[in-house]
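Results of the structural survey
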Amino acid sequence: MAVVEEKRQPFIRQDGKDKVTGLGRYTADLARTGMLHARFRYSDHPHARVLRIDTSAAKALPGVFAVLTQDDVPDVRYGGFVEDRTLFAKDVVRFEGEVIAAVAAITQEIADRAVELIQVDYEPLPAISDPEQALAPGAILIHEGWEGYGGNEDVVRDGNDGSHSTIKKGDVEAALASADEVVKERYVADMSHAVPIEPRAIVAEWQGDKVTVWTSTQVPFIARSGVATTLQMPEADVRIIVPYLGGGFGGKCDFHYEAHVAALARAARRPVRLVFTRREEFVAPDHRREGQVLELETGVMRDGTIVARSARLVLDNGAYAGDAPFFPQLAAMMAVGPYRVPNVWVDAHLAYTNTTPSGSVRAPTAPQACWGLELHMDAVAERIGLDPVEFRRRNIVRPGDETATKQVLETIAAAESLERAVEMIGYGRELPPDEAFGVACGWWPTFAQPSGAHVKLHGDGSGTIVTGAQECGTGSVMALPLLAAEVLGMRPEQFTVVYQDTDAGPWDAGASGSQTTTNNGRAVVEAAVDVRNQLLELAEEVLEAARADLELVDGRVRVKGSPSTGVDITELAEKAAGDKLLLGRGSGAPPASPDCDISGCTGRLGSESFLAPTFMTHAVRCKVDRATGVVRVLEVAAAHDSGRVLNPVGANGQVEGGVAMGIGMALTEGSQLSDDGRQLNPYLLDYKLQTAADVPAIEVEWVGDPDPTAGPNGAKAVAEPPCVPTPGAVGNAIAKVAGRVHSLPMTPARVWEAMQR
Amino acid sequence: MRYDAILNVNGTDFPVEIEPHRSLLSVVRTELGMPGSKEGCDDSECGACMMLLDGEPVNSCSFLALQAQGRTITTVEGLAGNGELHPLQRQFLAQGGVQCGFCTPGMLISAKALLDRNPDPGEDEIRIALSGNLCRCTGYQGIVRAVQAAAQEMAGA
Amino acid sequence: MSATYTAAATLPEALAALAGGARPVAGGTDLVVGARQGKAPLPDSLVAIHGLEELRGISETSGGGLWIGALVSHSELVAHPAVRDRYTALADASAIVGSHATRHVGTLGGNVMNASPAMETGGPLICFGAEAVLASQSGERRVAVESLLTGPGRTDARPDELLVAIELPATAGGSCYARLEYRRQMEIAVVGATCSVTLDGSGVGSARVAITALTPRIVRVPAAEAALAGSDGGADAVQAAADAAAAASQPISDVRASADYRRAMAAVIARRAIAAAVARARGSSESVPIPASPALHGAD
């Protein structure tokens, strides 16, 4: 049974009042005395040798305080997995959004003018926009020096192939040969974007040798080490503070421009603020969602049993590696899906291209791969004449089944999510013409990371949680008081949270990988338990009872079975205030990765086993306008197995938002590229998000049991899973009316073309 | 050249001296020191900058500040009266209508314009009235619920 | 920065400013948005015309038509009974310009003078035979809207002329404007079509058909009109007219659509607009045909 904390009162988030009154401050709202305004000079070509940069006219413009290029910063190569880039362009520019220089000036207008005065001479080079072309023999090398790059030794690289992973299990050739039917198909997903409504902004200010950077980042500690590494300074001298963050979805994960702005501020000897335009937000940051080519082949028996899956995947890295090298292995797992497949061969590649680099965006690789796989599953079902839901029913993983890497899945409710979703949508009932149901199943791991937190109780009995975690809107940090309150028998409203400041809180991986509740929640619980023990020690004295006989309920420490015998926590806190501090620390050691067998697999970067995976099924009802190919999603049912659901309002909100994002990916969101890799629609009129008038009602239900290997009391990933199965479900509905569309987004023109065939 | 003007925002007259090309959004955020309204895009497509001009919604990023003279301007900072949250603000919080909060000021403004014009809107009417405000976090459902709850609360009062 | 600004309180003031080289701004939903998008910088010398009361209001003319001030907003047009009843295609168009906010602030005059090949109100105005009333210090001039729009972003108006009103002649029958869009709001026409018909008995008497976002400027399609005029207004005649509309289009390929898709959709959207116009002429209250709307009935 799903454990959903319904019994609580609706929990009002601590940052809520600021946000609804317009008093909350986001990074672009901040101003510092003497602040200058920054602007970047970007590359004029998607691929070129840089022969000469002349900043003299820009520097001479009155009002300009600093103009920087790579010559003005330490010559450091960096990168999370592969050290393939520098802060500014050096020798070669590899995509249209590469930063060649940065300007800080007294007004934004002067900074903008100065940028135009920077002269750059190039030798243009052929630009590759197609990842398959990049892997073809004879393709120009996008990183000529790739062999000399340092980084993670486990990344398997070769020229334009930035990361190669394979998954091998059983004997796929033999199984395909003996299958009753083999279905082979190709699917292509376009580049897409996170599109947080807040374009990023950064403010940097020095005091002596120390710099404070206010930045719209999801990962303050990653940003801190990025500044420290590239500017060659101690991490202790870098303070990263995140004001309110206007959404991230992965687009604001990773180290981006904090060091550029810090360097400008140091050179100018004044604080500097950089605010991105929406166009810059599309083109420059290296965290957009990668395009994928999926060639999928499935061997199946007539009774519906899948016996083999073979796949070749090519993922589009863009110009720099970023955090994408682990994608091929993760995409390979997604290409197998939440199903029993005894024989597997997946060959996955990550190709450099001369386009905006890709990086983790909400459930990286999964929406695209799930879309391709789920449309393919319906095609396989069609081939053997089986209803697509029944086909999934016969193959979906159940407790005790193993994955493609022989990890045994235990506390899972994938099958239950399938049954609930189809029941919720009323699958099988008769529909008007041109309407159809579509179903898709997906899965998504939780990522174990170290994390830390402190919990303090003050002399008046109120509490503070100090954490390095980052709140990008999901409510995961806002919900931490629920955990502390549960342990201490107090009310969540009694706790404030100090967060997203690298000087205040211990290290945390940030708002990424659906990890906050699992890892930082665990740390908060441990810290609260530490305080609990201190309270019990004090109470033992006062009540003259053994701690084993005591409980913390409703703000009191009291004797079990004798509730009138007790002492208020406030009294204990007052007592302690003059004497010892009530301060707890917790780190919550990350759980070990589940066992698996990856002999025969290459390019292993941690996605071979899935910690406490979430399983989800989306069922949709769509209407296709046959004459135009325009699709409307009329109804969505989402059933998610996320173990214990800590904060239902927050969790439901994540699913509703993820589904809307998934509908956008399915129908209207995608970057169009020129032949040389420039984005043709880097603005919201033609990169279309779903509006309130487009998104239908979304019904959400939680299934499954608390997973003991997961987060506090069995909570699994919530934030990323919701955008994963939606494109697949929509695609399967479209297929029933118009035919299968093998390109994502399934735009009206593409749907219409499918009907012409 | 700069022009003197008086901008009436949330009931207060502000004297300003501004150049003709300055947008209402930029002047309110900078000279008037009220950054509650946000800038989210380059092409008047996101609605994060929404303000009320004589009670009707306007994308302030694309409206010249000087043209707002003689009109009443309402921003999110003006919704709460006497320290009391407006029912819309209260319900946005109670119904899960706020996550990252960046679209929230504009959403509240559009919702207020709707309820001032029609105190009992149907769901589709609410969705169309809010369709000029993009939200990436909530999928709109919590926001629609909030507007419905606020309408009920305001009708009952 | 040497930009100048004046807010005209009277029409003569505005015309004097224009004669001096200033450019007018009303709601700014094309001019200021265009500047933000980087299409064209804001003019150095601006005259704000939002204070000109004589450019507001909708009134009946002695000939049974309608006088619409250039400053009338899209939301006013949508709400006005005479526009909804007699010039329904214009109400259809104004109802779907941008978003709520755009419709309140954006003006009919601004929409016309921006002269985008995809602007919504152009097709209806042309089909109704609308006339643009242009004022300048040298007097008043009237130009058919069909002739006013000369190319993408270009009009026949001189720099010192100000559009003060649109005059619509009397009309009868039914009309409809329909467009292809990919989401329900905040859209620009991928292709659009307008039709206005009068009845002759139960068949079609006269017909006007215009196509939008399919040619460098919005134009009527005489071949489509000929296919309808005098016909029984049935499916065959409607299809023939729609095919003629598609044949007259010169679609481009851009980020929104390929030329091939636009050409195919021209026939589809024209068919829908024409069928709805005929149905409305016969007294039905068809809603605007929205692609894949749950409410769309008996589509094709």
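Residues numbered from 1 in each chain as written. Chains lettered and ligands numbered in written order. Predicted model: local features only at pLDDT ≥ 70, side-chain atom pairs only at ≥ 80, totals over all residues. Heavy atoms only, no water.

**Comments concerning the interface of chain B and chain A**
The line we're drawing: By definition in these notes, contact holds between two residues if any of their heavy atoms fall within 4.5 Å. Accessible-area loss on putting two parts together, using a 1.4 Å probe and summing over both, is the definition of buried area adopted here. Salt bridges are counted wherever a side-chain nitrogen of Lys or Arg sits within 4 Å of a carboxyl oxygen of Asp or Glu.
Between chain B and chain A, the contact holds 42 residues from the first and 49 residues from the second. Counting the surface lost from both chain B and chain A, the interface buries some 3600 Å², and carbon and sulfur atoms represent 59% of this. Of all residues in chain B, the largest losses of buried area upon contact with chain A belong to B:Leu93, B:Gln99 and B:Arg136, amounting jointly to 22% of the total for that side. Remark: the boundary between chain B and chain A carries four salt bridges. The shortest N-O distance in the salt bridge between A:Glu656 and B:Arg145 comes to 3.7 Å.

**Focus on helix 5 (residues 141-156) of chain B**
Quick reminder of the rule: Where helices and strands are cited, they refer to DSSP runs of H or I of at least four residues and of E of at least two residues respectively, numbered from the N terminus. Working rule for helices: expected span equals 1.5 Å times residues minus one. For every residue, the accessible area obtained with a 1.4 Å probe (protein chains only) is divided by the maximum for its type, and the residue is called buried under 20%, exposed over 50%, and partly exposed between those limits.
Over its 16 residues, helix 5 of chain B runs 23 Å from end to end, which matches the ideal 22 Å to within 8%, given 1.5 Å per residue. Turning to helix 5 of chain B, its buried residues are B:Gln141, B:Gly142, B:Ile143, B:Val144, B:Ala146, B:Val147, B:Ala149, B:Ala150 and B:Ala151. Here the buried face of helix 5 of chain B lies against helix 16 (648-667) and strand 26 (697-703) of chain A together with helix 2 (87-94), helix 3 (104-117) and helix 4 (123-129) of chain B.

**Observations concerning the environment of A:Ile128**
All names here are of chain A. Here Ile 128 shows up in the loop between strand 6 (119-124) and helix 4 (131-135). Its relative accessible area of 6% is what places Ile 128 among the buried residues. Once residues lying within four places of it in the same chain are set aside, the contact partners of Ile 128 are Gln 133, Ala 134, Ala 139, Ile 140, Ile 142, Asn 160, Thr 353 and Asn 354.

**Let's talk about the pairing of strand 7 (residues 139-144) of chain C**
It is a general feature of regular strands that their side chains alternate between the two faces of the sheet. Residue and element names in this part refer to chain C. Here is the rule: In this scheme, strands are said to pair when DSSP sees at least two bridges between them.
Both strand 6 (residues 131-136) and strand 7 contribute to a ladder of six bridges, which runs antiparallel. Looking at strand 7, one finds that Ala 135 is bridged to Glu 140. Counting the residues that bridge the hairpin from strand 6 to strand 7 gives two residues.

**Here we look at empty space enclosed by the protein**
We apply this condition: Whether a set of points on the 1 Å grid over the protein atoms alone is a cavity depends on a 1.4 Å probe fitting there but being unable to get out, while an open set qualifies as a pocket with protein on both sides within 12 Å along at least five of seven lines; lining residues are those with an atom within 4 Å of a point. Grid points are joined across faces, edges and corners, and a volume is the space filled by probe spheres set on the points. Gly is placed with the polar residues, together with every amino acid not listed as nonpolar (Ala, Val, Leu, Ile, Met, Phe, Trp, Tyr, Cys and Pro) or charged (Asp, Glu, Lys and Arg).
As enumerated under the stated definition, the model contains 10 cavities of 30 Å³ or more in all. By volume, the largest cavity is sized at about 170 Å³. Lining the largest cavity are 16 residues, with A:Arg13, A:Asn647, A:Val649, A:Gly650 and B:Val98 positioned closest to its centre. Counting residues per element, the ones that place at least two in the lining of the largest cavity are helix 16 of chain A together with helix 2 of chain B. Looking at the lining of the largest cavity element by element, the count peaks at three residues for helix 16 of chain A. Counted by class, the lining of the largest cavity contains seven nonpolar, eight polar and one charged residues. A volume near 100 Å³ is recorded for the second largest cavity. What lines the second largest cavity is a set of 13 residues, among which A:His193, A:Ala194, A:Val195, A:Glu281 and A:His287 lie closest to the centre. Split into classes, the residues belonging to the lining of the second largest cavity amount to five nonpolar, four polar and four charged.

**Focus: the environment of A:Phe249**
Residue and element names in this part refer to chain A. Take Phe 249: it is sitting in the loop between strand 11 (238-241) and helix 7 (258-268). Judged by relative accessible area, which is 12%, Phe 249 ranks as buried. Expressed as a C-alpha distance, the spacing of Phe 249 and Ala 719, which sit 470 residues apart in the sequence, is 9.1 Å.

**Some remarks on the nonpolar core**
The cut-off we apply is this: For this analysis, a nonpolar core means a set of buried residues of the types Ala, Val, Leu, Ile, Met, Phe, Trp, Tyr and Cys, connected via side-chain atoms within 4.5 Å.
Among the nonpolar cores identified, the biggest contains 211 residues, and A:Leu488, A:Ile734 and B:Phe92 are the most heavily contacted of them. It is helix 14 (residues 516-543) of chain A that provides the largest number of residues to this core, a total of 10 residues. Among all residues touching A:Leu488, those that are not within four sequence positions of it are A:Val455, A:Phe495, A:Ala528, A:Val531, A:Arg532, A:Leu535, A:Leu552 and A:Ile569.

**Points about the side chain of A:Lys688**
Heads up, the condition is: Distance and chemistry together define a polar contact, namely a pair of N or O atoms within 3.5 Å, with one atom able to donate a hydrogen and the other to accept it when in protein, and with adjacent residues in sequence counting only for side-chain atoms on both sides.
Mapped onto the fold, A:Lys688 is located in the loop between helix 16 and strand 26. A:Lys688 gets classed as buried once you look at its relative accessible area, which sits at 5%. Within the structure, the side chain of A:Lys688 is placed 2.5 Å from the side chain of C:Glu187, a separation counted as a polar contact. Ignoring sequence-local partners within four residues, the contact set of A:Lys688 consists of A:Thr668, A:Glu669, C:Tyr182, C:Arg183 and C:Glu187.

**Some words on the confidence of the model for chain B**
The predicted coordinates ought not to be read in detail in places where the model reports low pLDDT. Condition: Values of pLDDT, the confidence the predictor places in each residue, fall between 0 and 100.
Across chain B, pLDDT averages 96, with 99% of residues at or above 70. Scored as a whole, the predicted complex attains pTM 0.96, and scored at its interfaces, ipTM 0.98.

**A short note on the interface of chain C and chain A**
Between chain C and chain A, the contact holds 26 residues from the first and 25 residues from the second. Summing both partners gives a buried area of about 2100 Å² for chain C against chain A, and 61% of it is carried by carbon and sulfur. Joining chain C to chain A, the criterion identifies three salt bridges. Note that C:Arg272 and A:Asp625 form a salt bridge whose closest N and O atoms lie 2.7 Å from each other. Here chain C is connected to chain A by eight residue pairs in polar contact (both at pLDDT 80 or more). Top element by residues in the side of chain C that touches chain A is helix 12 (residues 259-281) of chain C. It accounts for six residues. For the side of chain C that touches chain A, a count of residues per class yields 15 nonpolar, two polar and nine charged.

**With respect to the state of the cysteines**
One way to say it: the disulfide is the covalent bond shared by the sulfur atoms of two cysteines. Residue and element names in this part refer to chain A. As a reminder of what qualifies: In this description, a disulfide is simply a cysteine sulfur pair whose atoms lie within 2.5 Å.
What the rule picks out here adds up to zero disulfides over all chains. No disulfide involves Cys 370; its sulfur sits 7.9 Å from the nearest other cysteine sulfur, which is in Cys 441. A residue is classified by how much of its surface remains accessible, and Cys 370, at 4% relative accessible area, is buried. The thiol of Cys 622 is not disulfide-bonded; the next cysteine sulfur, from Cys 370, is found 15 Å away. What makes Cys 622 buried here is its relative accessible area of 1%.

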